[in-house]
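# Understanding the architecture of this molecule
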Amino acid sequence: MQQNPSVEFFEYWDEAPQDWSRLLQERKELGQKQVTLPMLWGVHEQSLGIRDFSKQSKFRIEKLLAIAQEIGVSIDLVIGFPPHASCFPSWVNETAIYEVVPEVLWKGSPPYFSTVRIPSPRDQKIKEGFQSFVAEVDSIVSLYISPDGPITNIWVDLTPLEISQSLLTDPHYREHLKDRYPDVNAYNQKFQTHYKEL
């Protein structure tokens, strides 16, 4: 599995299932023979451990993959934590561990040094839940991997972990934090973190 480059997603859950075929065909006619399909944990799991890949028609991922195969569109499948509001299930908001990342990298909006707090994939409950989600995704999509199906790549997006680590080495970001927060306690209080220094 590789890290996915920045791409436009086909957000199937926001489209009417009866339109999937037409929308994929339109993309193909525009020369887009490879479509990036995010399998977002938060889309398919509304409650802890309860996932929907087939009950609601907008989540029928096997139907979508069959349509892509029929039309002749290849699929780049993205799992993990891409910058998207639905990458985490709502239940993870109760976690005790958070990551603080630049808003521009998470939401795509400036300014660069505005930050946002997101649930941490390092949290044990989140890690276990995500691993279980990935196992279920694997059991579904394994039947649709090329050459027998349309999936040609599976990408793992670990954006929160990579961003969080890279911030520690950016001297400009640390300077910004010192200008914005009078001391580490103010920062910890705002983001419910436990840093010892800025």
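Turning our eyes to something else, we now look at the sheet that holds strand E7 (residues 151–157). Taken in spatial order, the 3 strands make up an open sheet running E1-E4-E7, and their pairing is parallel. Whereas interior strands pair on both sides, the edge strands pair on one side only; in this sheet they are strand E1 (34–38) and E7. Between one strand axis and the next, the sheet turns through 25 degrees on average, direction left out of account. Of the pairings in the sheet, the one linking strand E4 (residues 74–80) to E7 comprises 6 bridges and is parallel in character. Its bridge partner being in E7, isoleucine 75 is matched across the sheet by isoleucine 151. Helix H5 (residues 124–141) contacts E4 and E7 of the sheet and is inclined by roughly 165 degrees relative to E4.

Before going further, it helps to examine the pattern of salt bridges. Within this structure, the stated rule accounts for 4 salt bridges. With its nearest N and O atoms 3.7 Å apart, the salt bridge here joins aspartate 19 to arginine 22. Under the relative-accessibility criterion, arginine 22 is labelled partly exposed at 41%. Linked through salt bridges whose partners overlap, the residues forming this network are Asp19, Arg22 and Glu26.

It should be kept in mind that the predicted coordinates are not to be read in detail where pLDDT is low. Averaged over the chain, the pLDDT score is 83; the fraction of residues at 70 or greater is 84%. Across residues 1–6, where pLDDT falls below 50, the model places 17 contacts with residues more than four positions away in sequence or in other chains.

Right, let's talk about the side chain of aspartate 76 for a bit. Tracing the sequence through the fold places aspartate 76 in strand E4. Of the side chains with opposite charge, arginine 27 lies nearest to the buried aspartate 76, which makes no salt bridge, at 10 Å. Not counting chain neighbours up to four residues away, the residues in contact with aspartate 76 comprise Gln34, Val35, Thr36, Leu37, Thr152, Asn153 and Trp155.

About the cut-offs
Residues numbered from 1 in each chain as written. Predicted model: local features only at pLDDT ≥ 70, side-chain atom pairs only at ≥ 80, totals over all residues. Heavy atoms only, no water. Pairing = 2+ DSSP bridges. Helix = DSSP H or I, 4+ residues; strand = E, 2+ residues; numbered from the N terminus. Axes fitted to C-alpha atoms, helices over the stretch in contact; angles between N-to-C directions. Contact = heavy atoms within 4.5 Å. Salt bridge = Lys/Arg side-chain N within 4 Å of Asp/Glu carboxyl O. Buried < 20%, exposed > 50% of the residue type's maximum accessible area, 1.4 Å probe, protein only. pLDDT = per-residue confidence, 0-100. Lys, Arg positive; Asp, Glu negative; His and termini not counted.

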